[in-house]
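# Structural overview for review
Residues per chain are reported as follows:
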Amino acid sequence: MINRITLAGYLGADPEIRTLGNGTMVAKLRMATTESYRDRAGEWQEETQWHDVVLWRHLAEKAQKYTRKGSLIYLEGKLTHRKWEDKEGNPRKTTEVVGAMLRVLDGKRDENTEPASPQTSAAPTSAPAMEAEEDLPF
């Protein structure tokens, strides 16, 4: 069986970092991925999905050191589902991505550097983008 997820997208907020009682660091991230497509009328549409990401130990340290709101990241991990109770005792369910590999795509930054905004970051130019389904070669 395989449980693997690969995401590339932007952070919607700074990472939330905690250190557990035993010294283990954990980071929670909100990550956005956006898909562009043409609808039946031929108009371009964008659909953004938000993902809750959990990173443990050295990956949490890496997120704390190198990422901020707006950071472009590549993430591999597994999809998990948890059940828990809120403060009022109501049952809740959460779906999260538990990261196994994190790559920061927009470079190292320090405390004084603002992250690049999604609108100003340059797209790779090594391969032409396919713009519509009818442009596919098969």
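In the block above lies the structure referred to throughout.
Residues numbered from 1 in each chain as written. Predicted model: local features only at pLDDT ≥ 70, side-chain atom pairs only at ≥ 80, totals over all residues. Heavy atoms only, no water.

## Observations concerning the nonpolar core
Heads up, the rule is: Think of a nonpolar core as a cluster: buried Ala, Val, Leu, Ile, Met, Phe, Trp, Tyr and Cys residues, connected wherever their side-chain atoms sit within 4.5 Å. Residue burial is assigned from relative accessible area. The probe radius is 1.4 Å, only protein chains are included, and a residue is buried under 20% of its type maximum, exposed over 50%, and partly exposed in between. The helix count covers DSSP runs of H or I at least four residues long, the strand count covers runs of E at least two residues long, and both are numbered beginning at the N terminus. When checking whether two residues touch, look at their non-hydrogen atoms; a contact exists if any pair is within 4.5 Å.
If you look at the biggest cluster of nonpolar residues, it comprises 16 residues, and the most contacted ones within it are L29, M31, V53, L55, L75 and L102. Considering every element that reaches this core, the biggest residue donor is strand β3 (residues 25–38), with four residues. In this structure, L29 is in contact with L11, P15, H51, D52, V53, L55, A63 and I73, ignoring residues within four places of it in sequence.

## Thoughts on the pairing of strand β2 (residues 16–19)
Counted only if it meets this: Note: two strands are recorded as paired if DSSP finds a minimum of 2 bridges between them.
Note that β2 and β3 share four bridges and pair antiparallel. Bridging from a neighbouring strand, R18 pairs with V26 of β3. Where β2 hands over to β3, the hairpin turn is made up of five residues, of which G23 adopts a positive phi near 95°.

## Thoughts on the environment of L11
Tracing the backbone shows L11 in strand β1 (residues 5–11). Separated by 61 residues in sequence, L11 and L72 have C-alpha atoms that sit 6.7 Å apart.

## Regarding helix α1 (residues 57–66)
Going by this rule: In this description, one arc is meant: the one made by directions from the helix axis to the C-beta atoms.
Three or more residues of α1 are buried, namely L59, A60 and A63. Buried residues in α1, looked at end-on, bunch into an arc of 105°, giving them a common side. Turned more than 90 degrees from where α1 packs its buried face, R57 and H58 sit exposed. Packing partners of the buried residues in α1 comprise β2, β3, β4 (44–56) and β6 (91–104).

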